[in-house]
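# Observations on the model geometry
Residue strings, one per chain:
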Amino acid sequence: PIQVEAGLYAIGAVTPDSALLLTTNFSLTYYTVEGEVEASRVPAYIGVVDTEGTSVLTAFASDKLNADNVTAFLNSDDVKAKVGHRKLILPGYISVMSGSLHEESGWEVMVGPREASGISKYLKTVWQGA
């Protein structure tokens, strides 16, 4: 399938303090991020926003991934019930969205790596040092 269902996915033995990474519901993007999180062995949540099955850059460029729909996701009952902090790891390629997302959501927006291959190192160094 080209799309995965939007929602909150737990990878590993997550706790309310586990990292929350954002991605889109394009299946290739999701499964790449999921694989990197699993390989890191750092339990984390992956927040999947419905962008009609488009990749991060395509969704951002076409305004299918914006501060409004990410804030709506962050305010969802699932996120409120499972995530005990207000820190979101945003894909590095859309770091330009971090300011408006912080203003709208009130969450601390951490800019993650540009490529999924950097997720493991990021979770082990930046996240665990936060």
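Below: a short report on this structure. (Residues numbered from 1 in each chain as written. Predicted model: local features only at pLDDT ≥ 70, side-chain atom pairs only at ≥ 80, totals over all residues. Heavy atoms only, no water.)

## What about helix α3 (residues 67–74)?
How we decide: In this scheme, a residue with accessible area under 20% of its type's maximum is buried, one over 50% is exposed, and one in between is partly exposed, where area comes from a 1.4 Å probe on protein chains only. Counting from the N terminus, the helices are DSSP H or I runs at least four residues long and the strands are E runs at least two residues long. As used here, the arc belongs to the directions running from the helix axis to the C-beta atoms. Definition of a polar contact: a pair of N or O atoms within 3.5 Å, with one able to donate and the other able to accept a hydrogen when the atoms are protein atoms, and with sequence-neighbouring residues admitted only if both atoms are side-chain atoms.
Ala-67, Val-70, Thr-71, Phe-73 and Leu-74 are the residues of α3 that are buried. Seen from one end, α3 has its buried residues packed into an arc of 155°, which puts them on one side. A distance of 3.0 Å separates the backbone nitrogen of Asp-68 from a side-chain oxygen at the start of α3, and that oxygen is part of Asn-66.

## Quick notes on the pairing of strand β3 (residues 44–49)
Formally: Strands are treated as partners if at least two bridges between them are detected by DSSP. If you view a crossover with the strands going away from you and the path from the first strand over the helix to the second runs clockwise, you call it right-handed.
Among the six residues that make up β3, six are buried, leaving the element largely enclosed by the rest of the structure. The pairing of strand β1 (residues 7–11) with β3 spans five bridges and is antiparallel. The residue of β3 that forms the bridge with Gly-7 is Val-48. The sheet contact formed by strand β2 (residues 19–24) and β3 spans six bridges and is parallel. What sits directly across from Thr-23, in β3, is Val-48. Regarding topology, helix α1 (residues 27–40) serves as the crossover connection from β2 to the parallel β3, and that connection is right-handed.

## Regarding the nonpolar core
Cut-off, in case you're wondering: We call a set of buried residues a nonpolar core when its members are Ala, Val, Leu, Ile, Met, Phe, Trp, Tyr or Cys and they connect through side-chain atoms within 4.5 Å of each other. Note on contacts: a residue pair qualifies if any of its non-hydrogen atoms lie within 4.5 Å across the two residues.
Core analysis: the biggest nonpolar cluster contains 21 residues, and Leu-20, Leu-65, Val-70, Leu-88 and Leu-101 have the highest contact counts within it. Elements with a contribution of two residues or more to this core: β2, β3, α2 (56–61), α3 and β4 (87–90). Counting residues per element, this core draws most heavily on α3, which supplies four residues. In this view, Leu-88 contacts Leu-20, Leu-21, Leu-22, Val-70, Leu-74, Leu-101, Trp-107, Glu-108, Val-109 and Met-110; residues no more than four positions away in its chain are not counted. One finds Ala-19, Val-37, Met-110 and Leu-123 within the second-largest nonpolar core, a separate group that totals 18 residues.

## Let's talk about the side chain of Ser-105
With respect to the element layout, Ser-105 can be found in helix α5 (residues 98–105). On the accessibility criterion, Ser-105 (9% relative accessible area) is buried. Within the structure, Ser-105 has its side chain in polar contact with the backbone oxygen of Leu-101 (distance 2.7 Å). Polar contacts involving the side chain of Ser-105 include one to the main-chain amide nitrogen of Trp-107, which spans 3.0 Å.

## Thoughts on the packing of aromatic side chains
Let me state the cut-off plainly: Aromatic rings from Phe, Tyr and Trp, with only the six-membered ring used for Trp, were paired whenever their centres fell within 6.5 Å, and each pair was classed as stacked if the ring planes differed by under 30 degrees, edge-to-face if by over 60, and tilted otherwise. Lysine NZ or arginine CZ positioned within 6 Å of the ring centre and within 35 degrees of the ring normal marks a charge as sitting over the ring.
Inspection of the entire model under this criterion finds two aromatic pairs. Ring centres 5.0 Å apart and planes at 50° place the aromatic pair Tyr-9 and Tyr-30 in the tilted group. Here Tyr-9 is found in strand β1, whereas its partner Tyr-30 is found in helix α1, with 21 residues between them in sequence. Owing to a relative accessible area of 25%, Tyr-9 belongs among the partly exposed residues under this scheme. Note on Tyr-30 and Tyr-31: the rings are 5.1 Å apart at their centroids and 75° apart in plane angle, and the pair reads as edge-to-face. With relative accessibility at 3%, the residue Tyr-30 sits in the buried group. Put simply, the rings of Tyr-9, Tyr-30 and Tyr-31 pair up and form one aromatic cluster. The ring of Trp-127 is capped by Lys-87, whose NZ or CZ atom sits 5.8 Å from the centre of that ring.

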